[in-house]
Amino acid sequence: MRGLPAAHRPPAPLPAAGTPAAGPQPGHVRAEGASATGGADAGEPTGGGPPAGKPPARPRAGIAGLPLGQQLTAALALVLAALAVAAHLGLSFLHVAPSNTMTKQYADAIDAWIYPEFEQNWKLFAPNPLQQNVAVHARAQVRDEEGQRRTTGWYDLSALDGEAINGNLLPSHTEQNELRRAWDFFVGSHDAQNQPNGLRGTLSGEYVRRIVVMRLERLQDEERDGRGGTIERVQVRAATTNVAPPSWSGETVDLNPHYRHVPWWSVTEDDRPLDAAGDTRARSDRTEETP
């Protein structure tokens, strides 16, 4: 009671049996930093950290971590990219699919997208795989410095590409495909009389002519006898030879080459390369044949 001397205060009540007395017990040492109430001993966190069991929130990564405006821009870009990929795959499928109503109705749009960069060649897995070797040859009419004209022999341009590829671990795409695909493009857009089928046929002829002029210009620069001159006209032919059948098949085929000649083309300034030097693949003494 307040106001009574300590001698007249009633004694403090004794703790019940089995209840530990308050305060430190004999033989017990309080951990450093523990409060008198035993909060540290109970495992309660100290300081101003988050409650136990709730880790701090991690910052959001990826598009979710961007501001709203940038999220919308990124999402729109992803949608446009997905649509472009889907459209490309769809047009490529229609290009290689068998002829049907849709491919006939949208043939112009499909060809405009596919040619020439995305053209597909399925001859390896077709029902009738290619069983012929096709080599592209070319020759030129050259006017020398004295005004005399001469006709070169046939150069096997395909053989030059083959020599550059043979034994080369990293052959260039040009050596493997430029001439071969250009000739396939020409044959597919011309009839048997070498007449173009529309605008694509005209473009394919210009493409082949410029490749041939570029190759022949380089060959002329490497002539060992010093004969130079200006190429005025070029002619191209294709030598097609059947692949020999295996010995066990019993099949017989004609192994003689069959030639397809293209009429002479006049060379314009647009057909000439900007720089015809620097190609070390060509060797005229190995590839020129008699006219």
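Throughout what follows, the structure given in this document is the object of discussion. (Residues numbered from 1 in each chain as written. Predicted model: local features only at pLDDT ≥ 70, side-chain atom pairs only at ≥ 80, totals over all residues. Heavy atoms only, no water.)

1. Focus: the overall build of the chain
Next, step 1: What the chain contains, in helices and strands, is seven helices and six strands.
Next, step 2: In the chain, of all internal contacts separated by at least 6 residues, the share reaching a separation of at least 24 is 64%.
Next, step 3: When the accessible area of the chain is evaluated, it comes to approximately 20,600 Å², of which 57% is carbon and sulfur surface. (Helix = DSSP H or I, 4+ residues; strand = E, 2+ residues; numbered from the N terminus. Contact = heavy atoms within 4.5 Å. Areas by Shrake-Rupley, 256 points an atom, 1.4 Å probe, with all protein chains shown as cover.)

2. What to know about the side chain of Ser92
Next, step 1: Residue placement: Ser92 occurs in helix H1 (residues 68–96).
Next, step 2: Within polar-contact distance, the side chain of Ser92 engages the backbone oxygen of His88 at 2.9 Å. (Polar contact = N/O pair within 3.5 Å; in protein donor to acceptor, adjacent residues only side chain to side chain.)

3. Let's talk about the nonpolar core
Next, step 1: In this structure, Leu157, Val212, Leu216, Val234 and Val236 are the most contacted members of the largest nonpolar core, which totals 24 residues.
Next, step 2: Going through the elements one at a time, strand E1 (132–143), helix H4 (157–165), helix H5 (173–188), helix H6 (199–221) and strand E4 (230–242) are the ones with two or more residues in this core.
Next, step 3: Each residue touching Leu216, except ones within four places of it in the same chain, is listed here: Ala138, Arg139, Ala140, Tyr155, Ile231 and Val234. (Core = buried A, V, L, I, M, F, W, Y, C linked by side-chain atoms within 4.5 Å. Buried < 20%, exposed > 50% of the residue type's maximum accessible area, 1.4 Å probe, protein only.)

4. Observations concerning the pattern of salt bridges
Next, step 1: Per the stated rule, a full pass over the model turns up nine salt bridges.
Next, step 2: Of the charged contacts in the structure, one is a salt bridge between Arg181 and Asp184, with a shortest N-O distance of 2.8 Å. Here the residue Arg181 and the residue Asp184 both occupy positions in helix H5, the gap between them amounting to three residues, near one helical turn.
Next, step 3: Note that Glu269 is salt-bridged to Arg272, the shortest N-O span being 3.3 Å.
Next, step 4: Through salt bridges with shared partners, a single network forms among Arg143, Arg149 and Glu232. (Salt bridge = Lys/Arg side-chain N within 4 Å of Asp/Glu carboxyl O.)

5. Things to note about the pairing of E1
Next, step 1: Bridging between E1 and E4 involves twelve bridges; their strand directions are antiparallel. Its bridge partner being in E4, Asn133 is matched across the sheet by Thr241.
Next, step 2: Bridge count for E1 against strand E3 (residues 155–156) is two bridges, and the pairing is antiparallel. What sits directly across from Ala138, in E3, is Tyr155. (Pairing = 2+ DSSP bridges.)

6. What to know about the packing of H4 against H6
What describes two packed helices is the angle between their axes and the distance between those same axes.
Next, step 1: Axis separation between H4 and H6 bottoms out at 11 Å; the angle between their running directions is 75°. Taken as axis vectors, H4 and H6 run roughly perpendicular relative to one another. Listed contacts from H6 to Leu157, Leu160 and Asp161 of H4 are Val212, Arg215 and Leu219.
Next, step 2: When its residues are assigned to classes, the contact of H4 with H6 shows four nonpolar, no polar and two charged. (Axes fitted to C-alpha atoms, helices over the stretch in contact; angles between N-to-C directions. Parallel < 35°, antiparallel > 145°, perpendicular 65-115°, else oblique. Nonpolar A, V, L, I, M, F, W, Y, C, P; charged D, E, K, R; others polar.)

7. A short note on the packing of aromatic side chains
Next, step 1: What the rule picks out here adds up to two aromatic pairs.
Next, step 2: With a centroid separation of 5.2 Å and 20° between ring planes, the pair formed by Trp183 and Phe186 is classed as stacked. Here Trp183 and its partner Phe186 are both found in helix H5, three residues apart, which amounts to about one turn of the helix. When sorted by exposure, Trp183 lands in the same class as Phe186, which is buried.
Next, step 3: On the basis of an interplanar angle of 75° and a centroid distance of 6.0 Å, the ring pair of Phe186 and Trp265 is categorised as edge-to-face. On the criterion of sequence distance, the pair formed by Phe186 in helix H5 and Trp265 in strand E6 (residues 265–266) is long-range, its members being 79 residues apart.
Next, step 4: Members of the aromatic cluster, joined through ring pairs, are Trp183, Phe186 and Trp265. (Phe/Tyr/Trp six-rings, centres within 6.5 Å; stacked < 30°, edge-to-face > 60°.)

Limitation: the analysis is restricted to geometry and does not speak to function.
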